[in-house]
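So the chains spell out like this:
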Amino acid sequence: FPSHDKCGKHLNELDMHACMPFLFLKIVKDRLNFRKANKQTLSEMANNNEEIGRYLKSIQNGRFYIELYKDFKNLKGEPKSSTKVNEIKKMFFKQIFFSDTPNSDKQKKIHKSFEKLYPLINSILINYKRTNGYKSVARTLQSNESELMNLAINRLYIENQSGYYLRFHDAILRMKWKIQE
């Protein structure tokens, strides 16, 4: 993590990889539990549904965008550049989470990759957009991300009570004063 020593301060960054795809699981859980007497937790769903388990595991292992990139490019091995994976990440948000319908061939291809990897999750996403409007995904996920990061900062501050914490999207920046002896 970055550090800046000129002012006697250290800056640390804690980033949550694939935060919004993870937060989308709350929508998935709510949709799958709708009208059920025995509601399942996310852990139970991941254990009982191979696709949800694979989706969650790819996020936890930091491989969500890598797996999407590999399918999109039809790669057998690992991607050679993190820049290419970042391009897929941008496309994912722009074309899958935050858009109405795919227009170009490239947009349709990323949709097909996502649908191939996660058909149930994709169908829930499409249904959610149809029911609530496509902009609702962005609003809901950004609101949930903000709430999660604020809770994390509050907890960090209570536990550590040293330094200053700032949110930056799905990351927390912490500046701690260096103690000079």
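Residues numbered from 1 in each chain as written. Predicted model: local features only at pLDDT ≥ 70, side-chain atom pairs only at ≥ 80, totals over all residues. Heavy atoms only, no water.

Draft legend 1. Summary view of the packing of aromatic side chains. A full pass over the atoms with the stated rule returns 15 aromatic pairs. Aromatic pair tyrosine 55 and phenylalanine 64: ring centres 5.3 Å apart, planes at 80 degrees, arrangement edge-to-face. Assessed through its relative accessible area of 2%, phenylalanine 64 is described here as buried. Ring geometry for phenylalanine 93 and phenylalanine 98: centres 5.5 Å apart, planes at 35 degrees, overall tilted. Take phenylalanine 98: its relative accessible area is 25%, and that puts it in the partly exposed class. Members of the aromatic cluster, each reached through a chain of ring pairs, are Phe24, Tyr55, Phe64, Tyr65, Phe92, Phe93, Phe97, Phe98, Phe114 and Tyr118. Directly above the ring of phenylalanine 72 sits lysine 109, whose terminal nitrogen or CZ lies 4.9 Å from the centroid. (Phe/Tyr/Trp six-rings, centres within 6.5 Å; stacked < 30°, edge-to-face > 60°. Buried < 20%, exposed > 50% of the residue type's maximum accessible area, 1.4 Å probe, protein only. Lys NZ or Arg CZ within 6 Å of the ring centre and 35° of its normal.)

Draft legend 2. Geometry of the environment of aspartate 100. Take aspartate 100: it is sitting in the loop between α5 (82–97) and α6 (105–117). Remark: the alpha-carbon pair of aspartate 100 and lysine 129, spanning 29 residues in sequence, is separated by 7.7 Å. Residues contacting aspartate 100, with those up to four places away along its chain left out, are Lys129 and Tyr134. (Helix = DSSP H or I, 4+ residues; strand = E, 2+ residues; numbered from the N terminus. Contact = heavy atoms within 4.5 Å.)

Draft legend 3. Fine view of the confidence of the model for the protein chain. With 83% of its residues at a pLDDT of 70 or more, the protein chain shows a mean pLDDT of 82. Of all the helices and strands in the protein chain, strand β1 (residues 9–15) carries the lowest mean pLDDT, 67, while helix α3 (residues 50–60) carries the highest, 95. (pLDDT = per-residue confidence, 0-100.)

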